[in-house]
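Coordinates in review
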Protein chains: 2
Amino acid sequence: MSQLETYITENEQRFLEDLKGWLRIPSISTLPEHAKDVRQAAEYAVNQLQRIGFDATLIETKGHPLVYGEWLKAEGKPTLLIYGHYDVQPVDPIELWESPPFEPTIRNGNIYSRGASDDKGQTMLILKALETLMAVEGKLPLNVRVLIEGEEEAGGASIEHYVKFEHEKLKCDAVFICDTGMPSADIPALVAGLRGIIAAEIEVHGARRDLHSGVYGGVAPNPLHALSLIISRLKGEDGHINIPGLYDKLRPAPEVEKEFWRNDPLHLGESMLKEMGIKQFVGENNYPPLERVWARPTFEVHGIVGGFTGEGSKTVIPAVAKAKVSLRLPPDLKPDEVFELLQKAVKDVAPAGVDVTVHMGHGGDGLVVNPEAPIMQAAAEALKEVYGKEPIYTREGGSIPIAALFNSTLNVPVVLMGFALPDDNLHAPNEKYSIDQFFKGVRTVIRFLQNAGA
Amino acid sequence: MSQLETYITENEQRFLEDLKGWLRIPSISTLPEHAKDVRQAAEYAVNQLQRIGFDATLIETKGHPLVYGEWLKAEGKPTLLIYGHYDVQPVDPIELWESPPFEPTIRNGNIYSRGASDDKGQTMLILKALETLMAVEGKLPLNVRVLIEGEEEAGGASIEHYVKFEHEKLKCDAVFICDTGMPSADIPALVAGLRGIIAAEIEVHGARRDLHSGVYGGVAPNPLHALSLIISRLKGEDGHINIPGLYDKLRPAPEVEKEFWRNDPLHLGESMLKEMGIKQFVGENNYPPLERVWARPTFEVHGIVGGFTGEGSKTVIPAVAKAKVSLRLPPDLKPDEVFELLQKAVKDVAPAGVDVTVHMGHGGDGLVVNPEAPIMQAAAEALKEVYGKEPIYTREGGSIPIAALFNSTLNVPVVLMGFALPDDNLHAPNEKYSIDQFFKGVRTVIRFLQNAGA
């Protein structure tokens with residue numbers, strides 16, 4: 001390892017500069033005006049792969065391009081498919097960023113930028129692990145395919161299509177995804193389960209035009225009020241989701257996991273409270289907090305559109321209002337089935353006098369991973385070597401639909417090993433990535449590849 | 001009247017051009033970027049008054065200027081104070097306008113523009129009545145003061161201050177406000193009562209930063225969900241407002257009005273349904289629709305701010321969310337008292353785990369007017385002469401706080417006579433004013449001034 005160590009140390013600054021260059025590209029996949037930036041971020045990744053010595057190219061799609069690279073010269077060795085994404089979340093509310101989201105800035109050992117953690121930082125550390133091995137040893141310990149998408153924050157339709165219809169081109173023995181985190185900087189973790197998701201929009205129509213609340217207030221349907229009624233009926237203060245049938249297919253978790261959730265030996269609950277800056281958890285207080293974020297379905301409202309939301313006031317009763325909502329789903333709950341249940345529940349609880357429709361947004365299955373698989377052992381061993389302790393097996397509340405798809409389509413185990421920290425401000429202002437975690441990540445991935453190819 | 005008639009007919013096109021010129025100025029008082037336009041609209045009015053032969057000037061305030069003009073040469077005659085406003089509502093959603101809001105366009109006998117009805121059209125017809133009398137007769141049948149404000153859609157703080165502290169300068173025997181409507185083009189109306197208003201903002205804080213709903217969903221407070229709970233608890237599907245004490249001070253209306261509301265001989269309810277394009281009224285179904293829009297308190301949500309409302313999706317749990325709300329208040333309910341009740345009720349119904357504050361926006365008293373006052377008789381007579389039938393006495397659901405203030409400060413009757421129609425799209429896209437109503441308005445106001453000065 002010493003030559004590899006030397007290479008990492010000598011190239012530390014350049015590794016960070018390569019990451020910064022990528023972070024400067026505002027590749028927000030949901031905003032049409034950033035389409036060019038998204039493509040530029042893809043080309044940046046192709047260029048990185050080519051410089052390492054990979055055959056790499058863009059794969060065009062109906063949406064943003066996929067980045068594909070391969071190095072398949074390790075005869076007789078297994079093949080690992082590595083996944084990452086180069087697109088990022090929108091940045092609003094922009095005024096809360098302490099440094100501009102696309103000017104990566106280093107403060108207190110962290111690099112601040114949209115995408116620093118999710119997922120450019122975590123993808124770049126893999127590229128740097130590959131580069132180090134190729135530069136020092138002239139080869140990799142196993143065959144590697146790299147697939148980096150640009151629609152992870154926008155539903156991932158293109159990669160879904162590609163994996164479903166072109167999976168022959170992705171043949172492998174295991175998949176490695178670096179888009180998850182650790183409970184703290186000294187507790188390495190592997191993910192044993194992921195929640196799925198469906199995003200949906202509830203659209204409510206009242207009168208045929210916006211109305212003056214002085215003239216019509218008292219007899220007019222108010223879609224914003226109707227949405228409040230619908231949302232409060234779908235989920236009460238107790239956090240229970242009133243969608244008939246939702247909980248029916250939920251299987252009980254293994255007793256060993258339930259025990260971990262109940263006892264929370266690592267005090268992860270306390271860390272979450274601290275991170276949120278609040279004194280009490282909200283929601284289903286009859287379940288342990290860890291079970292609620294890892295293994296229970298949730299229903300959240302993300303935004304309500306309609307009426308007047310500018311400065312000042314305008315006492316209008318809007319004709320139309322929409323709520324952007326999502327449900328996080330334990331692996332037992334399938335997005336399509338849950339959407340049907342949601343749709344029916346919304347219609348059932350909608351107040352009289354308004355028309356309601358529910359639109360399906362993106363959806364993704366959850367996943368359960370077996371910690372006993374040899375590839376998971378190779379990852380656990382690598383984490384132990386770098387962090388000095390055995391990893392814990394957590395679940396992750398956030399959904400990575402592609403993980404479930406790889407698992408079901410390629411029929412191989414999926415290793416979810418990531419280095420993000422709870423205070424990385426994912427999807428929020430001031431997203432950051434720990435520089436120490438970045439380099440520990442490089443070292444862990446090198447060992448993981450070595451273990452997996454041994 | 002024939003010379004007056006001739007003048008009106010000969011100047012018809014110019015009257016409309018003068019109105020269009022005013023409408024082209026986007027005097028949106030709530031948007032700081034339109035401050036210059038607001039001033040320009042004020043100057044336009046000063047110029048109009050001066051051309052008629054009035055002494056006219058801008059009165060500077062802390063906000064937008066007041067327009068003041070006077071003609072006080074009718075010795076021994078009473079003095080009428082005429083009020084109007086030159087500011088307009090915002091125009092969003094702009095995409096629903098069939099012609100640009102500040103390019104006045106004539107279609108089917110209507111002039112379409114923001115402010116066409118509320119209140120530039122209605123104020124301009126008074127100026128044209130004054131012009132006609134001055135041009136033809138060289139004088140007015142009574143003394144006239146004109147006061148036109150620029151903050152009617154923005155809380156009206158400046159005129160409130162002026163009327164409270166400078167009312168010596170506004171001495172008069174009656175006030176005339178042309179900012180109301182008629183139930184249909186052939187049913188003239190005078191307003192016997194107005195609802196007051198308070199606007200408020202309910203602000204909910206959850207975690208100290210925006211959160212990823214995958215990571216924290218299930219244990220995190222969601223201010224948007226909390227707002228839905230609060231709003232649905234403040235007003236249920238039955239339209240009853242759950243603010244303890246709100247209904248306590250509500251006095252029963254006179255039996256004659258109650259009978260009108262119950263019987264609705266003019267089928268105003270049907271017209272409202274048609275206007276709204278819906279099949280059933282929403283709200284307190286145990287009260288007649290007319291009572292609900294004219295004499296019952298209402299609670300409405302006008303917009304909900306927070307989270308992600310752009311295109312695409314972002315599954316964020318926002319740290320903060322706000323609801324813009326208002327209550328319409330029958331004359332018995334005072335804004336300051338109701339705000340206290342609202343504030344307490346919000347705190348009482350807020351769910352656990354969030355911090356809630358309520359901010360008071362603008363407020364205004366309601367008003368009851370006595371139809372027996374001689375000045376009201378002069379108005380009723382004018383309407384009968386032009387429309388060929390006795391006016392009905394309605395209440396108006398929309399609030400005109402300044403009417404209540406004139407009444408209480410100057411201690412004179414307030415005539416609310418307007419010519420807007422229910423389909424004028426006040427505060428909504430495609431606001432318009434009937435050109436026929438505009439000219440009937442000119443003729444009615446001429447007769448009203450003659451009757452009042454006789």
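Residues numbered from 1 in each chain as written. Chains lettered and ligands numbered in written order. Predicted model: local features only at pLDDT ≥ 70, side-chain atom pairs only at ≥ 80, totals over all residues. Heavy atoms only, no water.

Named according to an unreviewed UniProt entry, chain A is Acetylornithine deacetylase/succinyl-diaminopimelate desuccinylase-like protein originating from Thermosporothrix hazakensis.

**Quick look at the overall build of chain A**
Counting its regular elements, chain A contains 14 helices and 18 strands. Dimensions of chain A, computed from C-alpha atoms along their principal axes, come out at roughly 80 × 50 × 45 Å. When contacts within chain A are restricted to residue pairs at least 6 apart in sequence, those whose partners lie at least 24 apart make up 78%. Roughly 16600 Å² of accessible area belongs to chain A as shown, and the carbon and sulfur atoms make up 49% of that amount. Averaged over its 45 positive side-chain charges, chain A has a centre that lies 2 Å from the centre of its 63 negative ones. (Helix = DSSP H or I, 4+ residues; strand = E, 2+ residues; numbered from the N terminus. Contact = heavy atoms within 4.5 Å. Areas by Shrake-Rupley, 256 points an atom, 1.4 Å probe, with all protein chains shown as cover. Lys, Arg positive; Asp, Glu negative; His and termini not counted. Charge placed at Lys NZ, Arg CZ, Asp CG, Glu CD.)

**Digging into the sheet that holds strand β8 (residues 189-194) of chain B**
Remark on secondary structure: sheet strands pair via backbone hydrogen bonds, oriented parallel or antiparallel. Residues and elements named next belong to chain B. Strands sit in the order β15-β8-β16 across an open sheet of three strands; the sheet is mixed. Only two strands of the sheet have a single neighbouring strand rather than two, namely β15 (367-368) and β16 (392-396). Summarising the sheet, β8 and β15 pair through two bridges and their orientation is antiparallel. When the sheet's bridge partners are listed, Gly193 is paired in β15 with Val368. (Pairing = 2+ DSSP bridges.)

**Remarks on the pattern of salt bridges**
Scanning the entire structure with this criterion turns up 60 salt bridges over all chains. Taking the shortest distance from any N to any O, the salt bridge between A:Lys384 and A:Glu390 comes out at 3.4 Å. For A:Lys384, a relative accessible area of 36% translates into the label partly exposed. Taking relative accessible area as the criterion, A:Glu390 reaches 51% and is therefore assigned exposed. Linking B:Glu166 and B:Lys169 is a salt bridge whose minimum nitrogen-to-oxygen distance equals 3.0 Å. What makes B:Lys169 partly exposed here is its relative accessible area of 46%. Through salt bridges with shared partners, a single ionic network connects A:Arg14, A:Asp18, A:Arg51, A:Lys128 and A:Glu131. (Salt bridge = Lys/Arg side-chain N within 4 Å of Asp/Glu carboxyl O. Buried < 20%, exposed > 50% of the residue type's maximum accessible area, 1.4 Å probe, protein only.)

**With respect to the domain arrangement of chain A**
All names here are of chain A. In terms of domain boundaries, chain A breaks down into domain 1 (2-194 + 367-453) and domain 2 (196-250 + 297-364). Using only C-alpha atoms to locate each centre, domain 1 and domain 2 end up separated by 35 Å. On the side of domain 2, eight residues touch domain 1, which itself brings nine residues to the contact. Of all residues in domain 1, the largest losses of buried area upon contact with domain 2 belong to Gly155, Ser399 and Pro401, amounting jointly to 53% of the total for that side. Applying the counting rule to domain 1 against domain 2 returns zero residue pairs in polar contact (both at pLDDT 80 or more). By residue class, the composition of the side of domain 1 that touches domain 2 is four nonpolar, four polar and one charged. (Domains from an automatic or database assignment. Buried area = accessible area lost by both parts, 1.4 Å probe. Polar contact = N/O pair within 3.5 Å; in protein donor to acceptor, adjacent residues only side chain to side chain. Nonpolar A, V, L, I, M, F, W, Y, C, P; charged D, E, K, R; others polar.)

**Thoughts on the interface of chain B and chain A**
With 87 residues of chain B at the contact, the number on the chain A side is 87 residues. Interface area for chain B against chain A, summed over the two sides, is near 7300 Å², with a carbon-plus-sulfur share of 55%. Looking at the side of chain B facing chain A, the largest losses of area belong to B:Val219, B:His302 and B:Lys314, adding up to 10% of the total buried there. Scanning the region where chain B abuts chain A turns up six salt bridges. In this assembly, chain B and chain A are joined by 46 residue pairs in polar contact (both at pLDDT 80 or more). Those elements giving two or more residues to the side of chain B that touches chain A turn out to be β10 (211-212), α6 (213-216), α7 (223-234), α9 (268-276), α10 (289-294), β11 (298-305), β12 (316-317) and β13 (320-329) of chain B. The class makeup of the residues in the side of chain B that touches chain A is 34 nonpolar, 33 polar and 20 charged.

**Things to note about the pairing of strand β9 (residues 196-205) of chain A**
Residues and elements named next belong to chain A. In terms of burial, β9 is a largely internal element, eight of the ten residues being buried. Note: β9 against strand β13 (residues 320-329), ten bridges, orientation antiparallel. Bridge pairing in β13 links Glu203 to Lys322.

**Considering the UniProt feature "domain: Peptidase M20 dimerisation" (unreviewed entry) in chain A**
UniProt marks residues 193-352 of chain A with the feature "domain: Peptidase M20 dimerisation" (unreviewed entry), using the numbering shown here. Counting secondary structure, residues 193-352 of chain A comes out at 34% helix and 21% strand; the distance between its end C-alpha atoms is 41 Å. (UniProt positions renumbered as here; feature names shortened; annotations may be inferred.)

**Some points on the sheet that holds strand β1 (residues 55-59) of chain B**
Residues and elements named next belong to chain B. Spatial ordering of the open sheet is given by β1-β2-β6-β3-β7-β17, a layout of six strands whose pairing is mixed. Whereas interior strands pair on both sides, the edge strands pair on one side only; in this sheet they are β1 and β17 (414-416). Neighbour-to-neighbour, the strand axes of this sheet turn through a mean angle of 20°, independent of strand direction. In the sheet, strand β3 (residues 79-85) pairs with strand β6 (residues 143-149) via seven bridges, with the strands oriented parallel. Across the sheet, the residue bridging to Tyr83 is Leu147, located in β6. (Axes fitted to C-alpha atoms, helices over the stretch in contact; angles between N-to-C directions.)

**Comments concerning the packing of helix α3 (residues 35-52) of chain A against helix α4 (residues 120-137) of chain A**
All names here are of chain A. Taken N-terminus to C-terminus, the directions of α3 and α4 make an angle of 20°; their axes are 9 Å apart at the nearest point. One element, α3, and the other, α4, form an angle in the roughly parallel class. Considering how the two elements wind past one another, α3 and α4 form a crossing that is left-handed. Here Tyr44, Gln48, Leu49 and Ile52 of α3 come into contact with α4, specifically with Met124, Leu127, Lys128, Leu130, Glu131 and Met134. (Parallel < 35°, antiparallel > 145°, perpendicular 65-115°, else oblique. Left-handed = near helix turned anticlockwise from the far one by under 90°.)

**With respect to the environment of B:Glu259**
Relative to the assigned elements, B:Glu259 resides in helix α8 (residues 255-263). The exposure class of B:Glu259 is partly exposed, given its relative accessible area of 43%.

**Focus: unusual backbone geometry**
Residue B:Pro93 follows B:Asp92 across a cis peptide bond; omega there is 5°. Within the secondary structure layout, B:Pro93 lies in the loop between β3 and β4 (105-107). Cis geometry marks the peptide bond from B:Asp118 to B:Asp119, where omega comes out at 5°. Note that B:Asp119 resides in the loop between β5 (110-112) and α4 (120-137). In this structure, A:Asp264 takes a positive phi of about 40° despite not being glycine. When you line up the elements, A:Asp264 lands in the loop between α8 (255-263) and α9 (268-276). A positive phi is found at A:Asn430, a non-glycine position, where the angle reads about 60°. By the secondary structure assignment, A:Asn430 is in the loop between β17 (414-416) and β18 (432-434).

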